[in-house]
Amino acid sequence: MEIKEITARETYPVRHPVLRAGRPIEDCAFDGDDLKTTIHLGVYSENGILAVASLMMNHNATILGLPHLIDQLQYQLRGMAVLEKMQGYGLGKKLLLHAEGLLRENQVAILWFNARIKAVPFYEKLGYQTIGDKFDIPSIGAHYKMYKEL
């Protein structure tokens, strides 16, 4: 297995079936995908891409109760996905730990994201915390905002 930086479009073969199944491929494009500060990562094996994650510089002023982080560099995790047949093998954990390391090297103070309800236990095992109330993202479902100080 190898983790490498990829383009936004290279995330689509995983984003689409895992996060946007049954929807047009165009729904795999996220605002901020093509910014110079955005990092896209992919986990590859000899059979191709298996997992992806995108890291976007995005200050979240709504992280209440954490005043020491308000002026710190923040990134948002988006499009974290592992192909269904490869889920449960630790690829998501390996990818996220790699992403955290990259962000720490760049003095990023916090990684935050909107987690689908079913993914919350996965992130909690890796030290992420929920903040705020459950909320709904139209056409996608219920989420919690989660974060981790790096």
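Presented here is an overview of the structure given in this document.

Rules used throughout
Residues numbered from 1 in each chain as written. Predicted model: local features only at pLDDT ≥ 70, side-chain atom pairs only at ≥ 80, totals over all residues. Heavy atoms only, no water. Salt bridge = Lys/Arg side-chain N within 4 Å of Asp/Glu carboxyl O. Helix = DSSP H or I, 4+ residues; strand = E, 2+ residues; numbered from the N terminus. Buried < 20%, exposed > 50% of the residue type's maximum accessible area, 1.4 Å probe, protein only. Pairing = 2+ DSSP bridges. Right-handed = clockwise from strand over helix to strand, strands pointing away.

1. Some details on the pattern of salt bridges
On inspection of all chains with the given rule, the structure shows 4 salt bridges. R15 is paired through a salt bridge with D33; the nearest N and O atoms lie 2.9 Å apart. Residue R15 is located in helix α1 (residues 12-19), and its partner D33 is located in the loop between α1 and β2 (39-45); the two are separated by 18 residues in the primary sequence. Residue R15 shares its accessibility class with D33, and that shared class is buried. Here R23 ties to D27 by a salt bridge, and the two come within 3.0 Å at their closest N and O atoms. What makes R23 partly exposed here is its relative accessible area of 27%. On the accessibility criterion, D27 (26% relative accessible area) is partly exposed.

2. Considerations on the pairing of strand β4 (residues 74-82)
Counting buried positions over the 9 residues of β4 gives 8, a clear majority of the element. Two elements, strand β3 (residues 48-57) and β4, share 6 bridges in a ladder whose sense is antiparallel. The residue bridging S54 from the neighbouring strand is R78, located in β4. Pairing geometry for β4 and strand β5 (residues 110-116), over 3 bridges, is parallel. When the sheet's bridge partners are listed, Q76 is paired in β5 with W112. What joins β4 to β5 is helix α2 (residues 91-105), and the crossover it makes is right-handed.

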